[in-house]
Amino acid sequence: MPILAPDHWFRRITDIPAEFFVKQNIRLIALDVDNTLTTHDNPVPAEGTEQWLEKMRDAGLTLVILSNNNAPRVEPFAEKLGLSYAAKAAKPLPFGLIRTCREHGISLKECAIIGDQIYTDILCGNLAPGALSVLVTLMEPEDKPFFRLKRKLEQPVLCSFKKRHSDRVHF
Ligand SMILES: [Mg+2]
């Protein structure tokens, strides 16, 4: 299932060094919020997130939030971190990512999308030709039934990815 496979998998976003992006000529990073920058619906960024964002900025990377959650959730969070944002991004559809890149004058080959969900974040990146898709392990399981189902459906994809592409699993 290559369309569902991430290009790389890290445990936490804060484990990804800036050189990882710079080496691959990435100039823009589209960031998921829930379970990527903090736990689901938590208004406070996870420990180390702000320092990590600062390191990415220092490396010259443009950072943008791309979230499927609504503006009342995303806006105050993005503001706190000094990031621009797109809410209700409709991932896995790639149009939000494509629009964001176009707005910043960046080609899809120069962008990475980071998120915790195979069927939204990773699929979105893989549907945008050339974009780099980076999976992070969810921080805390959600309790809604829809999420529980999605997490169950992720398991076979993650197991096969771990087996076949251990070189792209960074933990
Ligand atoms: Mg998420």
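Data block above holds the structure.
Here's a quick rundown of the structure. Every value quoted in this text rests on a predicted model; they were computed, and no experiment measured them.

Here we look at the overall build of the protein chain
Scanning the protein chain from terminus to terminus reveals six helices and six strands. The N-to-C order of helical and strand elements in the protein chain reads β-α-β-α-β-α-β-α-β-α-β-α. Here the protein chain has a C-alpha radius of gyration of 15 Å; the compact-globule value for 171 residues is 16 Å, and the two agree. With the C-alpha coordinates aligned to their principal axes, the bounding extent of the protein chain is approximately 35 × 35 × 30 Å. In the protein chain, buried positions account for 48% of the 171 residues. If you take every contact in the protein chain between residues at least 6 apart in sequence, the share linking residues at least 24 apart comes to 69%. With the model as given, the accessible surface of the protein chain reaches about 8600 Å², and the carbon-plus-sulfur share is 55%.

Some words on the side chain of T120
Here T120 lies in helix α5 (residues 118–127). Here T120 is in contact with N68, K91, P92 and K150, once residues within four sequence places are set aside.

Comments concerning the coordination of the magnesium ion
Here the magnesium ion is held by the protein donor atoms D32 (OD), D34 (O) and D116 (OD), which lie 2.1 to 2.2 Å from it. Mapped onto the polypeptide sequence, the residues donating to the magnesium ion form the spacing pattern D-x1-D-x81-D. Placement of D34 in the loop between β2 (28–31) and α2 (49–58) and of D116 in the loop between β5 (111–115) and α5 is noted, with a sequence separation of 82 residues between them. The exposure class assigned to D34 is buried, which follows from its relative accessible area of 8%. We classify D116 as buried; its relative accessible area is 3%.

The rules behind each value
- Residues numbered from 1 in each chain as written.
- Predicted model: local features only at pLDDT ≥ 70, side-chain atom pairs only at ≥ 80, totals over all residues.
- Heavy atoms only, no water.
- Helix = DSSP H or I, 4+ residues; strand = E, 2+ residues; numbered from the N terminus.
- Rg over C-alpha atoms; globule rule 2.2 N^0.38 Å.
- Buried < 20%, exposed > 50% of the residue type's maximum accessible area, 1.4 Å probe, protein only.
- Contact = heavy atoms within 4.5 Å.
- Areas by Shrake-Rupley, 256 points an atom, 1.4 Å probe, with all protein chains shown as cover.
- Donors = N, O, S within 2.8 Å, 3.2 Å for Na, K, Ca; no water.

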